[in-house]
Amino acid sequence: MIVRILGEGQLDVPDEAMERLNTLDAEVEAAVEAGDEAAFTTALAALLQAVRAEAAPHQLDSLDESDLILPPADATMAEVAQMLSGDGLIPG
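Please read all numbers here as calculations on a predicted model, not as lab measurements.

**Thoughts on a nonpolar patch on the surface**
- On the surface, Leu6, Ile69 and Met83 cluster together to form a nonpolar patch covering roughly 220 Å² of accessible area.
- Relative to the assigned elements, Ile69 resides in strand 4 (residues 68-70).

Right under this line is the structure:
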């Protein structure tokens, strides 16, 4: 799966990492729904760090579309709330 972290670029995330990332995504979504800024900041940082740790950089000269777009590390809770779908930031 090709994941774009806004402001950082595209990464290739292996399928086997998606279950862990979905768990972290649920924590981001729960923090946003609860309006808990501290939990949100921690959860978003953990999600983005996990993506970076699990993924490999996607080819820079590639014109491939991202399968998933994640907010930047400095995104506000309001910005992330607008990006959330019924499945969070990561579908599934």
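**Description of the pairing of strand 1 (residues 2-5)**
- Across four bridges, the pairing between strand 1 and strand 2 (residues 9-12) is antiparallel. Across the sheet, the residue bridging to Ile2 is Asp12, located in strand 2.
- The loop that links strand 1 with its antiparallel partner strand 2 comprises three residues; one of these, Gly7, has a positive phi angle of about 85 degrees.
- Both strand 1 and strand 4 contribute to a ladder of three bridges, which runs parallel. By the bridge assignment for strand 4, Arg4 is matched with Ile69.

Conventions and cut-offs
- Residues numbered from 1 in each chain as written.
- Predicted model: local features only at pLDDT ≥ 70, side-chain atom pairs only at ≥ 80, totals over all residues.
- Heavy atoms only, no water.
- Patch = residues over 30% accessible without salt bridge, like charges linked within 9 Å, V, L, I, M, F, W, Y side chains within 5 Å.
- Areas by Shrake-Rupley, 256 points an atom, 1.4 Å probe, with all protein chains shown as cover.
- Salt bridge = Lys/Arg side-chain N within 4 Å of Asp/Glu carboxyl O.
- Helix = DSSP H or I, 4+ residues; strand = E, 2+ residues; numbered from the N terminus.
- Pairing = 2+ DSSP bridges.

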